Amino acid sequence: MNPSSFLSLGVALALTLGACGPGENGDATGGTGGGGASGGTVGSGSQSSAGGAGGTPQEASSASSGGASGGATSTGGAGPSGSTSSGGGSGAATGGTSGSGGAPGGDCTRELLDGLLDNYFAALAAGDPSSLPLAEGVKFTENGMQAEIGTTDFWRDAGEVKHSQRALDTEACSAGAQAVIPEGGRDLPVALRIKVEGSELTEIETIVVRPGDYTASFAVASNPAAIIAISDEIGWHDEVPEAERATREELTSWIDKYFRAFPSGVCDVTGACKRLENGGGNFSCRTGASCSAGDPGSGGTFIPRVILADEVRGIAIGLTIFDFMTDGHLDMHMIKMSGGQVHAVHAILRDTNGVSGWE
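Residues numbered from 1 in each chain as written. Predicted model: local features only at pLDDT ≥ 70, side-chain atom pairs only at ≥ 80, totals over all residues. Heavy atoms only, no water.

### A closer look at the packing of aromatic side chains
Part 1: For the coordinates displayed, the defined rule picks out 8 aromatic pairs.
Part 2: Measuring from ring centre to ring centre gives 5.8 Å for tyrosine 258 and phenylalanine 259, while their planes differ by 75°; the resulting arrangement is edge-to-face.
Part 3: On the basis of relative accessible area, tyrosine 258 is assigned to the buried category, the value being 4%.
Part 4: Centroid distance phenylalanine 302 to phenylalanine 322: 4.8 Å. Interplanar angle 45°. Geometry classified as tilted. On the criterion of sequence distance, the pair formed by phenylalanine 302 in the loop between strand E8 (280-284) and strand E9 (306-310) and phenylalanine 322 in strand E10 (residues 315-322) is long-range, its members being 20 residues apart. Each member of the pair, phenylalanine 302 as well as phenylalanine 322, is classed as buried. (Phe/Tyr/Trp six-rings, centres within 6.5 Å; stacked < 30°, edge-to-face > 60°. Buried < 20%, exposed > 50% of the residue type's maximum accessible area, 1.4 Å probe, protein only. Helix = DSSP H or I, 4+ residues; strand = E, 2+ residues; numbered from the N terminus.)

### Observations regarding the pairing of E9
Part 1: Across the 5 residues of E9, 5 count as buried, placing the element largely inside the fold.
Part 2: Going residue by residue along E9, you find Val306, Leu308 and Asp310 tucked away on one face and Ile307 and Ala309 tucked away on the opposite face as well.
Part 3: Here E9 folds back onto E10 in antiparallel fashion, the turn holding 4 residues, of which glycine 314 has a positive phi close to 70°. (Pairing = 2+ DSSP bridges.)

### Points about the state of the cysteines
Part 1: If you walk through the whole model with that rule in mind, you get 3 disulfides.
Part 2: Disulfide pairing places cysteine 108 opposite cysteine 173 at an S-S distance of 2.3 Å. The sign of the 105° torsion about the S-S bond sets the cysteine 108-cysteine 173 disulfide as right-handed. Here cysteine 173 lies in the loop between strand E3 (163-169) and strand E4 (174-183) and cysteine 108 lies in the loop between helix H1 (3-20) and helix H2 (110-126), a separation of 65 residues in the sequence. (Disulfide = S-S within 2.5 Å.)

### As for the side chain of threonine 352
Part 1: One can find threonine 352 in the segment after strand E12 (341-351).
Part 2: Classification of threonine 352 as buried rests on a relative accessible area of 10%.
Part 3: A polar side-chain atom of threonine 352 sits 2.7 Å from the main-chain carbonyl oxygen of valine 355.
Part 4: Among all residues touching threonine 352, those that are not within four sequence positions of it are Asn143, Ile321, Gly328, His329 and Leu330. (Polar contact = N/O pair within 3.5 Å; in protein donor to acceptor, adjacent residues only side chain to side chain. Contact = heavy atoms within 4.5 Å.)

### Concerning the nonpolar core
Part 1: Counting residues in hydrophobic clusters, the biggest one holds 29 residues, and the most contacted among them are Tyr120, Phe154, Trp155, Ile181, Ile194 and Ile204.
Part 2: For this core, the secondary structure elements donating two or more residues are H2, helix H3 (153-157), E4, strand E5 (186-197) and strand E6 (200-208).
Part 3: When residues of this core are assigned to their parent elements, the largest contribution, 8 residues, is made by H2.
Part 4: Contact partners of isoleucine 194, with chain neighbours within four places excluded, come to Leu113, Leu116, Leu117, Ser174, Ala175, Leu201, Glu203 and Ile204.
Part 5: One finds Tyr214, Ala216, Cys285 and Ala316 within the second-largest nonpolar core, a separate group that totals 24 residues. (Core = buried A, V, L, I, M, F, W, Y, C linked by side-chain atoms within 4.5 Å.)

### Considerations on helix H4 (residues 224-234)
Part 1: Taken together, the buried positions of H4 are Pro224, Ala226, Ile227, Ile230, Ser231 and Ile234. Looking straight down H4, one finds its buried side chains confined to an arc of 145°; they lie on one side. Turned more than 90 degrees off the buried face of H4, the exposed positions are Ala225, Ala229, Asp232 and Glu233.
Part 2: Positive phi shows up at glycine 235, right after H4, with a value of about 70°. (Arc of directions from axis to C-beta.)

Just distances and angles here, no functional claims.
Shown next, in the form of structure tokens:
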């Protein structure tokens, strides 16, 4: 073969190899995701060579589904500031990996969840939910009753939030808060749970406790001021040092056992641990309780409907119907855990005759 033929063959081979090589936006293992709506990284999902969409979050921390092979790079949903993110998460070309939740192509970050809670409280104080990123078909309940958001008496009369303590669960893409919010000239204990998909609110659950709303024979009067007064001592929003952090499983298991084995599921509490009910009582966490050995199994006294976990702050939240010697109260419990022990247990609960609105 003459030199001219060799040159032609070399050019053809180079062009062929270039066409088969990795593209500009990623290789066969998927490109790296861009920043989320609140500055975080995009949750993992199975990706094609150009990066497909990650999975949709599940309430109970299941793995997200992988993206489609050969999909285009996805764009994240807008956060509270309206910014968007681009890029898919990392993953193999075949076989999905567990994702962190959030919308397809978006990211569920602590900043996103915290910002949405801020936005919710601001909209509540304004009496106008129109600024909230509500998903089509969003479900809203107040005290176990479904309603259109913005139409309840509390939405019309609430003032600016005075205090809130929050759990941010990026794996479930949900957040929970216990708060003190005025209605007229009276401060009320309030519980809030939100679920997010695609940076939009899909579920909003609230408990508002007015005087006389909690009528169990052993009930104590609400004391919202105590919720605020003890918050710094507990350090609800303090990040737990990594060496002392509970795992997600430890946090959720504690709440699960607390409810299912009640009143013998109160384990690993410090001697200084206090239990408040709507801010009242300030009981020792061990008062009237004990700790049984082993796993309570799938049955039990109360079945937790939703459990959220914030490993960074060491907070777990559980919602259930608390019907011990009563007709049933809608109940949100919040705990603070570090170093393998629980330092505080706070409950917000009120009469609902055993109805949650989420049956």
